[in-house]
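A look at the structure
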Amino acid sequence: MNEGTFASEVINRSLLYGILGYLPEEICNVLVLDGPKQTQMSLILENAGYKVARICPQKDDDPTCIASTTEEIEGESFGVVICPGWLSDNDDPEEISREAMRLLVQGGLFFGSVPGRFAAAVDCVPQSTSNASSIANGIDEIQWWGTKELFTPNDIACELEAIGFEVVDFYGWEHALTKLPGEKLSATDWDEGFFEDFLELEFRLAQERSILGMAPTIQFVAKKPNPEP
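What counts as what
Residues numbered from 1 in each chain as written. Predicted model: local features only at pLDDT ≥ 70, side-chain atom pairs only at ≥ 80, totals over all residues. Heavy atoms only, no water. Pairing = 2+ DSSP bridges. Helix = DSSP H or I, 4+ residues; strand = E, 2+ residues; numbered from the N terminus. Axes fitted to C-alpha atoms, helices over the stretch in contact; angles between N-to-C directions. Contact = heavy atoms within 4.5 Å. Phe/Tyr/Trp six-rings, centres within 6.5 Å; stacked < 30°, edge-to-face > 60°. Buried < 20%, exposed > 50% of the residue type's maximum accessible area, 1.4 Å probe, protein only. Salt bridge = Lys/Arg side-chain N within 4 Å of Asp/Glu carboxyl O. Parallel < 35°, antiparallel > 145°, perpendicular 65-115°, else oblique. Left-handed = near helix turned anticlockwise from the far one by under 90°. Nonpolar A, V, L, I, M, F, W, Y, C, P; charged D, E, K, R; others polar.

**A closer look at the sheet that holds strand β7 (residues 217–223)**
Reading across the sheet, the seven strands line up as β3-β2-β1-β4-β5-β7-β6 and stay open at both edges, with mixed pairing between neighbours. Of all the strands in the sheet, just β3 (65–67) and β6 (166–173) have a single pairing partner and so form its edges. Taken pair by pair, the neighbouring strands of this sheet meet at an average axis angle of 25°, ignoring direction. Each of β5 (104–115), β6 and β7 is contacted by helix α6 (residues 153–163), which is oriented at about 150° to β6, the strand it contacts most.

Next comes the structure, spelled out in structure tokens:
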């Protein structure tokens, strides 16, 4: 028996893959937002030697939970800031990105993800082609998985660059995951061979640039620029 569902395990492993590939070789301080939900990610990073701190809305006895909000933390304190959930799950994605910029040292990395606009549009076609068209054309008045704020890769790149980040890379996740039936997604026990094959498929699709814009989850890697020489 596994701790989470098949879907949650695939999502967590996928996003972690996108992060581990870009973590700096030199050990640095890492801040994980949405800390209470990310103990597994924190443990993996700690085991790799990074000093991990978490934002926990209700602080507990865990020494890695250093604050309840980012406003309590001094600027330029971290080499990496990670926002594992969709930025649009937060009150203001732009504000979160600006806080990441403030908290990072120069050359630091910001990892985050957003819901894909075109995946949402296609998903809405069976219910309403009118709603699907509105979403595809950027009219974000339609709820999709609890959010109205949806992005294309260009949307999030423009927002990050306007704040001052350099966009390093994108991954497009959950192309295959959304094709599985509900009972597979919610399963808490599964064949490990099937799971590894499925992850390999997700990893391959995530790196295919021709379908990036159709991904349900678009993960980004952004860098706070180094000072001009």
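Moving on, there is more to tell.
**Considerations on the packing of aromatic side chains**
Using the criterion set out here, one finds 14 aromatic pairs in the structure. Here W173 and F203 contribute two aromatic rings whose centre-to-centre distance is 5.8 Å and whose plane-to-plane angle is 75°, an arrangement assigned as edge-to-face. Of this pair, W173 sits in strand β6 while F203 sits in helix α8 (residues 192–206), and the two are 30 residues apart along the sequence. There is no split in this pair, since W173 and F203 are both buried. Taken together, the ring pairs connect F6, W190, F194, F195 and F198 into an aromatic cluster.

**A short note on the pairing of strand β2 (residues 51–55)**
In terms of burial, β2 is a largely internal element, four of the five residues being buried. Sheet topology places strand β1 (residues 29–32) next to β2; four bridges connect them, and they run parallel. Note that in β2 the partner of L31 across the bridge is A53. Two elements, β2 and β3, share two bridges in a ladder whose sense is parallel. Residue I55 lies in a different strand from β3, and its bridge partner there is A67.

**A short note on the pattern of salt bridges**
The tally for this structure, following the rule as stated, stands at seven salt bridges. In this structure, E94 and R98 form a salt bridge, with 3.0 Å as the shortest nitrogen-oxygen distance. Taken together, the residues E94 and R98, both in helix α3 (residues 93–103) and four residues apart, mark about one turn of the helix. A relative accessible area of 34% means that E94 is categorised as partly exposed. Residue R209 is joined to D169 by a salt bridge in which the shortest nitrogen-to-oxygen separation is 2.3 Å. One end of the pair, R209, is in the loop between α8 and β7; the other, D169, is in strand β6, and 40 residues separate them in sequence. Taking the relative accessible area as the measure of exposure, R209 reaches 44% and is therefore partly exposed.

**Considering the packing of helix α1 (residues 6–20) against α8**
Closest axis-to-axis distance for the α1/α8 pair is 11 Å, and the angle between their directions is 45°. One way to sum up the angle between α1 and α8 is to call them oblique. The two elements α1 and α8 cross, and the hand of that crossing is right-handed. Mapping the contact onto sequence places F6, E9, V10, R13, S14 and Y17 in α1 and F194, F195, E196, F198, L199, E202 and F203 in α8. Along the lines of polarity and charge, the residues of the contact of α1 with α8 split into eight nonpolar, one polar and four charged.

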